[in-house]
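So the chains spell out like this:
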Amino acid sequence: MDYSSPKVRIWQVVSLVPAGSVVTYGQIAHMAGLPHHARMVGSVLKQLPPDSSIPWHRVINCQGRISFPQGSPQYLRQQERLLAEGIEFMAERISLQQFQWQGGFES
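The sections below set out a description of the structure shown in this document. Note that the structure is predicted; figures quoted are calculated from it, not measured.

## Structural notes on the overall build of the protein chain
The secondary structure content of the protein chain amounts to five helices and four strands. Against the 2.2 N^0.38 benchmark of 13 Å for 107 residues, the protein chain shows a C-alpha radius of gyration of 13 Å, consistent with a compact globule. Taking the principal axes of its C-alpha atoms as reference, the protein chain extends roughly 40 × 30 × 20 Å. Counting all 107 residues of the protein chain, 39% fall into the buried class. Across the protein chain, every contact between residues at least 6 apart in sequence was considered, and the portion connecting residues at least 24 apart equals 60%. In the structure as shown, the protein chain presents an accessible area of about 6,500 Å², 53% of it carried by carbon and sulfur atoms. Computing the positive centroid from 9 side-chain charges and the negative centroid from 7, the protein chain places the two 8 Å apart.

## As for the side chain of Thr-24
Within the secondary structure, Thr-24 sits in strand 1 (residues 23-24). Within the structure, the side chain of Thr-24 is placed 3.0 Å from the backbone nitrogen of Gln-27, a separation counted as a polar contact. If near-sequence neighbours (up to four positions away) are discounted, Thr-24 is found in contact with Val-59, Ile-60, Asn-61, Cys-62, Leu-96 and Gln-100.

## A few points about the packing of aromatic side chains
Under the counting rule described, the total for this entry stands at one aromatic pair. An angle of 80° between the planes, with centres 6.4 Å apart, marks the rings of Trp-56 and Phe-68 as edge-to-face. Within this pair, whereas Trp-56 is found in the loop between helix 3 (38-46) and strand 2 (59-60), its partner Phe-68 is found in the loop between strand 2 and helix 4 (73-84), the two being separated by twelve residues in sequence. Since its relative accessible area comes to 15%, Trp-56 is described here as buried.

## A closer look at the packing of helix 1 (residues 6-16) against helix 3
Where helix 1 meets helix 3, the closest approach of the two axes is 10 Å, and the angle between their N-to-C directions is 85°. When the axes of helix 1 and helix 3 are compared, the pair comes out roughly perpendicular. Contact residues: helix 1 offers Pro-6, Lys-7, Ile-10, Trp-11 and Val-14, while helix 3 offers Met-40, Val-41, Val-44 and Leu-45. Counted by class, the contact of helix 1 with helix 3 contains eight nonpolar, no polar and one charged residues.

## Brief notes about unusual backbone geometry
When glycine is set aside, most residues are seen to have a negative phi, and most peptide bonds are trans. One non-glycine residue with positive phi stands out, namely His-36, at about 70°. One can find His-36 in the loop between helix 2 (25-31) and helix 3. According to the relative accessible area criterion, His-36 is exposed, its value standing at 81%. Despite not being glycine, Ala-91 has its phi angle at roughly 55°, a positive value. Note on placement: Ala-91 falls in the loop between strand 3 (89-90) and strand 4 (93-94).

## Details of helix 3
For helix 3, every residue scored as buried is listed here: Val-41, Gly-42, Val-44 and Leu-45. For helix 3, the buried positions fall inside an angular range of 165° around the axis, keeping them on one side. Turned more than 90 degrees off the buried face of helix 3, the exposed positions are Arg-39 and Lys-46.

Scoring rules and cut-offs
Residues numbered from 1 in each chain as written. Predicted model: local features only at pLDDT ≥ 70, side-chain atom pairs only at ≥ 80, totals over all residues. Heavy atoms only, no water. Helix = DSSP H or I, 4+ residues; strand = E, 2+ residues; numbered from the N terminus. Rg over C-alpha atoms; globule rule 2.2 N^0.38 Å. Buried < 20%, exposed > 50% of the residue type's maximum accessible area, 1.4 Å probe, protein only. Contact = heavy atoms within 4.5 Å. Areas by Shrake-Rupley, 256 points an atom, 1.4 Å probe, with all protein chains shown as cover. Lys, Arg positive; Asp, Glu negative; His and termini not counted. Charge placed at Lys NZ, Arg CZ, Asp CG, Glu CD. Polar contact = N/O pair within 3.5 Å; in protein donor to acceptor, adjacent residues only side chain to side chain. Phe/Tyr/Trp six-rings, centres within 6.5 Å; stacked < 30°, edge-to-face > 60°. Axes fitted to C-alpha atoms, helices over the stretch in contact; angles between N-to-C directions. Parallel < 35°, antiparallel > 145°, perpendicular 65-115°, else oblique. Nonpolar A, V, L, I, M, F, W, Y, C, P; charged D, E, K, R; others polar. Arc of directions from axis to C-beta.

Read these as spatial facts, not as claims about activity.
The following block contains the structure:
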């Protein structure tokens, strides 16, 4: 495995996000050394196998929303996992101020 590949760097950063916290696609891209590649993060996470232990569900968009279509099976699965970790939704949004993980990285 090429540990310097963008895909592996994205997986590594997402794996660090603790339960009860969320990050944005852009934040993951920045932390993985891929600034301005938020869409790449989404593409990489879509390729994860269903049984992956990488906490993909903790990655949301910069508006504090789940990116899957509201009410879709994927949306409901992600929402259920976040709720189980204590993440609160208000009008289908998550407060980034309250739940966003900073990870000790500089912005």
